[in-house]
Structures are given as C-alpha cells and as structure tokens.
Amino acid sequence: MITKLAVSGYRSLREVVLGLDRLNVVTGANGAGKSSLYRALRLLADVAQARVIPALAAERPSLEELRERLAGRSRVTPTIVPAELIRAERDRA
C-alpha cells in the first residue's frame, strides 16, 4: 500500500505531499486540484502496471499548461514518484 504520495509539477499540482491511508476522501473548491490528484494516481497506477505508453498517450495538457505554452512560460517538468523514493534520495544526500 502506498502510504505517502509526492507530486511536483504535474498539471495544477506544484508541490504536494499527502499521507495516505486505506481510505482517503479528497474535497475542495473547483480548480483546487482534485482531478489532477486523481490523474496523478491513475498515471502512477498505469506506470506500475507497465502501461506507460498508453497512459502517456492519454495525457492531455490542462488549460493552464496550454496558456503557459502559448505564452512561452512553460518551465514545469512533471514528476510523479512514490514518496518512499524521495525519502531514500534525501537520506543519501
């Protein structure tokens, strides 16, 4: 079971670290990132099940990302990794 999820630079999620339990309920206002969080988890599940190519092909940029690209300001590199890997990397440093 994944106990912690860290997402950086994915869709509307810039720097998010969430502790996870057996059941999690996500609430928030429109535009708060609930769907982005779900999509990050879905992408992680697809990657874990060796469905990387179809998962990435199904990705489409958010409206914010399209606006940034059109304005030439896109500097975000999407990264989704399990929190355990982030913790291991920090411990090595």
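For the structure itself, look to the data block above.
Residues numbered from 1 in each chain as written. Predicted model: local features only at pLDDT ≥ 70, side-chain atom pairs only at ≥ 80, totals over all residues. Heavy atoms only, no water.

Here we look at a nonpolar patch on the surface
And then number 1: Taken together, Val 47, Val 52, Ile 53 and Leu 56 make up a surface patch of nonpolar side chains, about 360 Å² in accessible area.
And then number 2: Per-element accounting of the nonpolar patch gives the leading share, three residues, to helix α2 (residues 52-58).
And then number 3: Its location among the elements puts Ile 53 in helix α2.
And then number 4: Relative accessible area serves as the criterion here: at 66%, Ile 53 is assigned to the exposed category. (Patch = residues over 30% accessible without salt bridge, like charges linked within 9 Å, V, L, I, M, F, W, Y side chains within 5 Å. Areas by Shrake-Rupley, 256 points an atom, 1.4 Å probe, with all protein chains shown as cover. Salt bridge = Lys/Arg side-chain N within 4 Å of Asp/Glu carboxyl O. Helix = DSSP H or I, 4+ residues; strand = E, 2+ residues; numbered from the N terminus. Buried < 20%, exposed > 50% of the residue type's maximum accessible area, 1.4 Å probe, protein only.)

What to know about the environment of Gly 31
And then number 1: Here Gly 31 is to be found in the loop between β2 (13-19) and α1 (34-48).
And then number 2: Gly 31 sits in the exposed class, given a relative accessible area of 76%.
And then number 3: Each C-alpha atom of the pair Gly 31 and Ser 12 lies 8.3 Å from the other, and the pair is 19 residues apart in sequence.

Here we look at the pairing of β2
And then number 1: Two elements, strand β1 (residues 4-10) and β2, share six bridges in a ladder whose sense is antiparallel. When the sheet's bridge partners are listed, Ser 8 is paired in β2 with Glu 15.
And then number 2: From the end of β1 to the start of β2, which pair antiparallel, there are two residues, and Arg 11 there has a positive phi angle of about 50 degrees. (Pairing = 2+ DSSP bridges.)

Worth remembering: the numbers are spatial, not functional.
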